[in-house]
Amino acid sequence: MAFLQFENTGTSVGPISAKREMADLLKGYSIEVIPRTAGKIADFRDLLPRGTRVYVAHIEGTPLEEMVATARRLAREGYPVMPHFPARIIRDKATLADWITRYQGEAGVDQALLLAGGIDQAHGAYHSSIQLMETGLFDRAGFKRLHVAGHPEGNKDIDPDGSSRNVMQALGWKQAFKERTDAKMALATQFCFESGPAINWANGLAEAGIDIPVHIGVAGPAKLQTLIKFAIACGVGPSLKVLQKRAKDLSKLLKPFTPDDFLAELAAHKAANPGFNIEKVHFFPLGGIKATANWAIENGGASAVPANQK
């Protein structure tokens, strides 16, 4: 599939306009945590706006009890929780049903991120998010929202030849599922660092008839070395060169990398193209939850209300 060539169509005319555009893009942003990092936060209400969706990432080897306890704690503090369901570490339908029951019964969860999972060999019956959706268990349990993974820079695990053929075929199936079930869906993407490829990819989806909203993955502020390590481990593609170029500048090497430029360019493009299908931002707090939450607030994300003032 041919993607459109990106052109800078932003219409910002000054700092005030740019700030407004950024604030609009950051409305309703989400953030991802794992039990270990969440346990370091005394009260999320001191950091995150009310109603922020919090994804709970399931790292292989983490006991389900820890996952559910983290979800329960976040729900108690007033946040809608979206746990990961990685297909390749779920052994069978009974295990999947148990996960759903535990999350729903103990934490009131009614939404999930379905993904293949970052391991090569499946532990059991499932190897893709499509298979999880085909079980019908989420629908029968009354889940209101199902998100799936998006890959702005491709996925060599799904398309080893570097094309987008298998990815697009899977997205076509998910589009049909959305239309058939009226499920509330979104594509939560891997993080990337360059706006042009992300915009071209999103426009290519629209051209292909995929109207599932995109929640673009963004790495929060972090040391450059940390981001490069995660980017390589997670298979981030062409936009990795943005980090590598910065790493050559010794004056910038010791400073935290922030997503200012990336998001400002996306915000300007969205302001100039209101129908643009990147609707929200999803943060990966690779440099820490507090650093990401504070950056979001400083750049127009709604301020959190301290817990002791509620």
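Residues numbered from 1 in each chain as written. Predicted model: local features only at pLDDT ≥ 70, side-chain atom pairs only at ≥ 80, totals over all residues. Heavy atoms only, no water.

> Mind showing me how you'd approach the packing of helix α1 (residues 15–26) against helix α12 (residues 260–272) here?
Each pair of packed helices can be described by the angle between their axes along with the distance between the axes. It is at 8 Å that the axes of α1 and α12 come closest, and there the two elements cross at 90°. Judged by the angle between their axes, α1 and α12 are roughly perpendicular. For the pair α1 and α12, contact is made by E21, M22, L25 and L26 and by D260, L263, A264, L266, A267, A268, K270 and A271, respectively. By residue class, the composition of the contact of α1 with α12 is nine nonpolar, no polar and three charged. (Axes fitted to C-alpha atoms, helices over the stretch in contact; angles between N-to-C directions. Helix = DSSP H or I, 4+ residues; strand = E, 2+ residues; numbered from the N terminus. Parallel < 35°, antiparallel > 145°, perpendicular 65-115°, else oblique. Contact = heavy atoms within 4.5 Å. Nonpolar A, V, L, I, M, F, W, Y, C, P; charged D, E, K, R; others polar.)

> Help me understand the pairing of strand β2 (residues 53–56), please; the structure alone is not making it clear to me.
Moving residue by residue along a regular strand, the side chains alternate between the two faces of the sheet. Here β2 shows a buried face lined by R53 and Y55 and a second buried face lined by V54 and V56. Two strands pair when backbone bridges link them, and strand β1 (residues 30–33) and β2 are joined in this way by four bridges, in the parallel orientation. Within the sheet, the bridge partner assigned to V33 lies in β2 and is V56. In this structure, β2 lies alongside strand β3 (residues 81–86), joined through three bridges in parallel fashion. If you follow Y55 over to β3, its bridge partner there is M82. (Buried < 20%, exposed > 50% of the residue type's maximum accessible area, 1.4 Å probe, protein only. Pairing = 2+ DSSP bridges.)

> Please clarify how the pairing of strand β7 (residues 214–219) should be interpreted in this entry.
Of all the six residues making up β7, six are buried; the element is thus mostly covered by neighbouring parts of the structure. In β7, alternate side chains face the same way, and those of V214, I216 and V218 on one face and H215, G217 and A219 on the other are all buried. Bridge count between strand β6 (residues 184–191) and β7: three bridges; the pairing is parallel. Bridging across to β7, A188 finds its partner in H215. In terms of handedness, the path from β6 via helix α8 (residues 195–207) over to β7 forms a crossover that is right-handed. Two elements, β7 and strand β8 (residues 278–284), share six bridges in a ladder whose sense is parallel. Among the inter-strand pairings, G217 is bridged to a residue of β8, identified as H282. (Right-handed = clockwise from strand over helix to strand, strands pointing away.)

> So what exactly am I meant to see when it comes to unusual backbone geometry here?
Glycine aside, negative phi is the norm for most residues, and most peptide bonds take the trans geometry. Positive phi is not limited to glycine here, since D182 has a value of about 60°. Following the sequence through the fold, D182 ends up in the loop between α7 (165–181) and β6. Take D182: its relative accessible area is 67%, and that puts it in the exposed class.

> Got a minute to help me understand the environment of G78 in this structure?
Residue placement: G78 occurs in the loop between α3 (64–76) and β3. Here the alpha-carbon distance between G78 and R45, two residues 33 residues apart in the chain, equals 8.0 Å.

> Could you clarify how one ought to interpret the sheet that holds β8 in this entry?
The strands that make up a sheet are held in pairs by hydrogen bonds between backbone atoms, and each pair lies either parallel or antiparallel. A barrel is described by the order of its strands in space; here eight strands give the closed sequence β1-β2-β3-β4-β5-β6-β7-β8, paired in parallel fashion. The mean angle between the axes of side-by-side strands here comes to 30°, regardless of whether they run parallel or antiparallel. Across six bridges, the pairing between strand β5 (residues 145–150) and β6 is parallel. Pairing of A149 across the sheet is with A188, part of β6.

> Hey, could you run me through the nonpolar core in this one?
Soluble, globular proteins show a tendency: their nonpolar side chains are buried together. By size, the foremost hydrophobic cluster in this structure holds 71 residues, and its most contacted members are F85, F138, L263 and F283. Apart from residues no more than four positions distant in its own chain, L263 is found in contact with M22, L25, L26, V218, V281, F283 and W295. Residues F191, A219, A222 and F257 belong to the second largest nonpolar core, which totals nine residues. (Core = buried A, V, L, I, M, F, W, Y, C linked by side-chain atoms within 4.5 Å.)

> Help me understand the pattern of salt bridges in this model?
Side chains bearing opposite charge may pair, as long as their charged atoms lie close to each other. Evaluation of the coordinates by the stated rule reveals eight salt bridges. Measuring nitrogen to oxygen at the nearest pair gives 2.8 Å for the salt bridge that ties E77 to R73. For the pair formed by E77 and R73, the shared burial category is buried. The salt bridge partner of K144 is D110, with a shortest N-O separation of 3.9 Å. With K144 in the loop between α6 (137–140) and β5 and D110 in the loop between α4 (93–107) and β4 (111–115), this residue pair connects regions lying 34 residues apart in the sequence. (Salt bridge = Lys/Arg side-chain N within 4 Å of Asp/Glu carboxyl O.)

> So what exactly am I meant to see when it comes to the packing of aromatic side chains here?
Each aromatic ring pair is described using two quantities: the centre-to-centre distance and the angle formed by the ring planes. With the rule as written, the count across this model stands at 10 aromatic pairs. An angle of 80° between the planes, with centres 5.9 Å apart, marks the rings of F193 and F257 as edge-to-face. Remark: F257 occurs in the loop between α11 (250–253) and α12 and F193 occurs in the loop between β6 and α8; sequence separation between them is 64 residues. When sorted by exposure, F193 lands in the same class as F257, which is buried. When the centroid spacing of 6.0 Å and the interplanar angle of 70° are considered together, the rings of F283 and W295 count as edge-to-face. Residue F283 is located in strand β8, and its partner W295 is located in helix α13 (residues 289–298); the two are separated by 12 residues in the primary sequence. Take F283: its relative accessible area is 0%, and that puts it in the buried class. (Phe/Tyr/Trp six-rings, centres within 6.5 Å; stacked < 30°, edge-to-face > 60°.)

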